[in-house]
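Remarks on the overall topology
Spelled out from the first residue to the last, the chains are:
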Amino acid sequence: MKVRPAMPSQATKSRPVKAPTRYLDDTYTWVLEQIALLKAGRRDQIDAENIAEELSDLGNELRSALESAIMVLTMHLLKWDHQKQRRSRSWQLTVRVQRKRIALLLKRNPGLKGVLTEAVEVGYDRGRDQALIEAKLTDKDLPETCPYTFDEMMTRVIEIEEPVARKRS
Amino acid sequence: MGSQTTKVRPVKPATRYKDDVFTWVWEQVALLRAGRLTEVDALNVAEELSDVGNEIYFRLESSFAVLTQHVLQWDHQPQRRSKSWMFSVKEQRRRIAYLLKKSPGLKSEINEAIEGGYADGRGRAIIETKLAESKFPETCPYTFDELMTRVIEIDE
């Protein structure tokens, strides 16, 4: 991804912002003005409500990222357990990738642990739907609530048995 | 509502951004909503807002990338003109118009966004058309108006 060096010069100016722009009228200019106020230490003049909204979006995104990773992970665990004949290296690697994503999210955001139970519920529900679609299973084949504990989800050994080398006769 | 009792309790010690973004976010949101602005972590909030601004800008730039790519292909491979290119042009124009409507301030960034987007669009057009690089000018040959309004339609 490209990195843009910095926001335009306006952002670092500390001159008074006359007639502040409203979020709804011009989001981009609003952002620049709010950054200028924050950097100038003029916190009393910021548009607190809309900044709170923008930050909430970030918080919700982090939570969604956790839910999505749990969704993909549980989907593959379900397939692993219910379609043993289709187990593959690709599933095994997907499990590993998602576990790493989850671990990293929790490391950077220990506070996410506080919403983990709910994230597992939501993520599992979506993962189960996906598994039903992809594995062509019926509703009664898969439990409605997550059958795995979080620990199990994160640590259970998921590995395909390597084909046994044929013995020479 | 709004009485002392509904206010958030003092956050102590406040969570640092780099220790826990998720918790930091909700603490900051609580402070902002409670009007306790002097306690707000101004620099990190400003950083987050920069990301919001940059995202808006990059959406504009990437729309110009797709738009210029297809206009270039349109001009350099008239025999391959298709409905798909035509719709793509229409779609990107719609997105650009929408972004500029939501953020009229972006107009001051248009030239930069066109140049940035064109660099990408040109690269993709070279790959897609398999024509020589020299066929495509290094700086965008189209004005903003041209990009947005020129008639791009296949003859039925």
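Cut-offs used in this document
Every chain is numbered on its own, with residues counted from 1 as its sequence reads. Written order determines the labels here, with chains lettered from A and ligands numbered from 1. Where local features are concerned, this predicted model is filtered to residues with pLDDT of at least 70; where side-chain atom pairs are given and counted, the filter is 80 or more; whole-chain, interface and lining totals use all residues. In computing side-chain properties, one takes all heavy atoms of the structure into account and sets aside hydrogens as well as water. Put simply, a nonpolar core is a bunch of buried Ala, Val, Leu, Ile, Met, Phe, Trp, Tyr and Cys residues held in one set by side-chain atoms that sit within 4.5 Å of each other. Throughout, exposure labels follow a simple rule: accessible area from a 1.4 Å probe, protein chains only, divided by the maximum for the residue type, with under 20% read as buried, over 50% as exposed, and the rest as partly exposed. For the domains described, the bounds stem from an automatic or database domain assignment. Residue contacts are defined here by distance: any two heavy atoms, one from each residue, within 4.5 Å place the two residues in contact. What counts as buried area is the accessible surface, traced by a 1.4 Å probe, that two parts surrender upon association, with contributions from both included. By definition here, a salt bridge exists when the distance from a side-chain nitrogen of Lys or Arg to a carboxyl oxygen of Asp or Glu is within 4 Å. A run of H or I in DSSP becomes a helix once it reaches four residues, and a run of E becomes a strand once it reaches two; helices and strands are each numbered from the N terminus. Note on residue categories: nonpolar means Ala, Val, Leu, Ile, Met, Phe, Trp, Tyr, Cys or Pro, charged means Asp, Glu, Lys or Arg, and polar means any other residue, Gly included. Take the residue count of a helix, subtract one, and multiply by 1.5 Å to get its expected span.

Grouped together as the largest cluster of nonpolar side chains are 84 residues, with contacts concentrated most on Ile51(A) and Leu32(B). Both of domain 1 (3-39) and domain 2 (52-149) of chain B provide at least three residues apiece to this core. When residues no more than four places from it in sequence are discounted, the contact partners of Ile51(A) are Trp30(A), Gln34(A), Leu38(A), Ile46(A), Leu32(B), Val45(B) and Leu49(B).

Listed by partner, the interface residues are 40 residues for chain B and 41 residues for chain A. When chain B packs against chain A, the two sides together hide about 3300 Å² of surface, and 66% of this comes from carbon and sulfur. For the chain B face of the interface with chain A, the top three residues by lost area are Phe22(B), Arg33(B) and Leu49(B), together amounting to 20%. Taken together, the links from chain B to chain A amount to one salt bridge. Taking the shortest distance from any N to any O, the salt bridge between Arg33(B) and Glu53(A) comes out at 2.8 Å. Elements that contribute at least two residues to the side of chain B that touches chain A include exactly helix 1 (21-33), helix 2 (42-76), helix 3 (83-102) and helix 4 (110-129) of chain B. Residues that form the side of chain B that touches chain A fall into these classes: 20 nonpolar, nine polar and 11 charged.

Since the α-helix turns once every 3.6 residues, residues separated by three or four places project in the same direction. Residue and element names in this part refer to chain B. Between its first and last C-alpha atoms helix 4 spans 27 Å; for 20 residues at 1.5 Å apiece the expected length is 28 Å, and the two agree. The set of residues buried in helix 4 consists of Ile110, Ala113, Ile114, Gly117, Tyr118, Gly121, Arg122, Ala125, Ile126 and Thr129. Once helix 4 finishes, lysine 130 follows within two positions and takes phi at roughly 60°, a positive value.

Shape descriptors only; they carry no functional weight alone.
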